[in-house]
Structure formats: C-alpha cells, structure tokens
Amino acid sequence: MAINLEKGQRVNVNIPNFVVGLGWDANQSSTGTDFDLDASVFILGENKKILADEYFVFYNNLHSPDGAIKHTGDNLTGEGAGDDEQIKVDLSKINPSATEICIVVTIHNADERRQNFGQIRNSFIRIFNSDTNEEILKYELEEDFSIETAVEFGRIYKRGTEWKFEAVGVGERGGLENYLQKYS
Ligand SMILES: [Ca+2]
Ligand SMILES: [Ca+2]
C-alpha cells in the first residue's frame, strides 16, 4: 500500500534498497516535440555539496563511484509503459562521508521547447522499496506541478546511523543546471 506523504513529512527507511522511478507518456500532440524528463541525484556531504563531481548521478554519469547509485539510462521520449527511467539506491554501499541524497526531476530543454509538467500526460515520480515493492511516495507531476519544469522530489538523509526519507515536493521553473549550481 502506498503511503501518501505530505510535503515535509519524514519516514524512517529500515532497509537499504530503493528505486526511484520516473515515467511519462510520449507526446501525442501536433507540435511533435518530444518530452524528455530526467531523474537525477546529488550525493551530498555535511556541507550540503556533492562529495565530488562523480557523485552527481544523471544521464551523462550513470553510476556513483561507491556503487550505491545506478541510473538505468536516459530515456528521451517516454515511449513505453511503467518507469521510463529508474535510479537504484543501495545505501549499504554509500560513501561513509555521504549524509544526504537529493533526488530531482527536470525537463530537458524545457525553456527552448516551451514545456512544463502540466503538458506531460501521466507523468509521475515515485520511490519504492525494491525488496517489497512498497511505494513510499509518488507525485503526479502533471497534476501536482503543472506550471513547473523542475521538482526537488525528496531526500534520503542520515541521522546518526539511521537513514530517513523526507518528502520535499518543491517545484520551480528552472532546470538541472540550477540544482547543480546549488549543490556544487
Ligand atoms: Ca531523459
Ligand atoms: Ca512511458
């Protein structure tokens, strides 16, 4: 059963394996321009900055050096059912200096293509426990962030020896470069 978290709500994560799934429908409109959504993660240290460039995992860097994060690869159109992009998280392998994993979703070239989430049918981002398939959080991007082009989805953060997940759900009209600036 899915837990519908309110923004800012936190849950404990007791098992190390999670998958972030991003899905959307291919563009059927007359404009003919594809929608290219991207899921990305930033692995941050105490100072809230990425540990090193390689700890920014996105379509051009599919693995973190510690083996904790694996991106299944860039999907450019949303063709097909289910998750179109996935990011697999294994907290048992995470670099000991990491204290936070920030998960974002953005629309590639949204400005140039004049796109926002409200135009993208059946677009969602979710996180689920890959051991039990239990969904922890899901946002319907089309509904929840209709005028935005970027969303900070959630963060997995460390408190002592425990990891917790916080639903962030903050949208903006920026792109991936805005988050990169913030976290590097
Ligand atoms: Ca993509
Ligand atoms: Ca799809």
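Notes on the structure follow. Fair warning: this is a prediction, and the values are worked out from it, not measured in the lab.

What counts and what doesn't
Residues numbered from 1 in each chain as written. Chains lettered and ligands numbered in written order. Predicted model: local features only at pLDDT ≥ 70, side-chain atom pairs only at ≥ 80, totals over all residues. Heavy atoms only, no water. Helix = DSSP H or I, 4+ residues; strand = E, 2+ residues; numbered from the N terminus. Rg over C-alpha atoms; globule rule 2.2 N^0.38 Å. Buried < 20%, exposed > 50% of the residue type's maximum accessible area, 1.4 Å probe, protein only. Contact = heavy atoms within 4.5 Å. Pairing = 2+ DSSP bridges. Donors = N, O, S within 2.8 Å, 3.2 Å for Na, K, Ca; no water.

Take the overall build of the chain next. Helix and strand counts for the chain come out as 3 helices and 11 strands. Shown N-terminal to C-terminal, the secondary structure of the chain runs as helices and strands in the order β-β-β-β-β-β-β-α-β-β-α-β-β-α. Over its C-alpha trace the chain gives a radius of gyration of 15 Å, about what one expects of a compact globule, namely 16 Å for 184 residues. If you line up the chain on its principal axes, its C-alpha atoms span 50 × 35 × 25 Å. When burial is assessed residue by residue, the chain has 52% of its 184 residues classed as buried. Considering only contacts within the chain whose residues lie at least 6 apart along the sequence, 67% involve residues at least 24 apart.

Most of strand S10 (residues 150–159) is tucked away, with 8 of its 10 residues classed as buried. Examined bridge by bridge, strand S7 (residues 100–107) and S10 share 7 bridges and lie antiparallel to one another. Considered in S10, the bridge of Val105 is made with Val151.

Glancing now at the coordination of the calcium ion (ligand 1). Every protein donor of the calcium ion (ligand 1) is accounted for by Asp36 (OD), Leu37 (O), Asp38 (OD), Asp74 (OD), Asn75 (O) and Glu85 (OE), and the metal-donor separations fall at 2.3 to 2.4 Å. Considered as a linear motif, the donors of the calcium ion (ligand 1) on their single chain read D-L-D-x35-D-N-x9-E. Of this pair, Asp74 sits in the loop between strand S5 (69–71) and strand S6 (85–90) while Glu85 is found in strand S6, placing the two residues 11 residues apart along the sequence. A relative accessible area of 34% places Asp74 in the partly exposed class.

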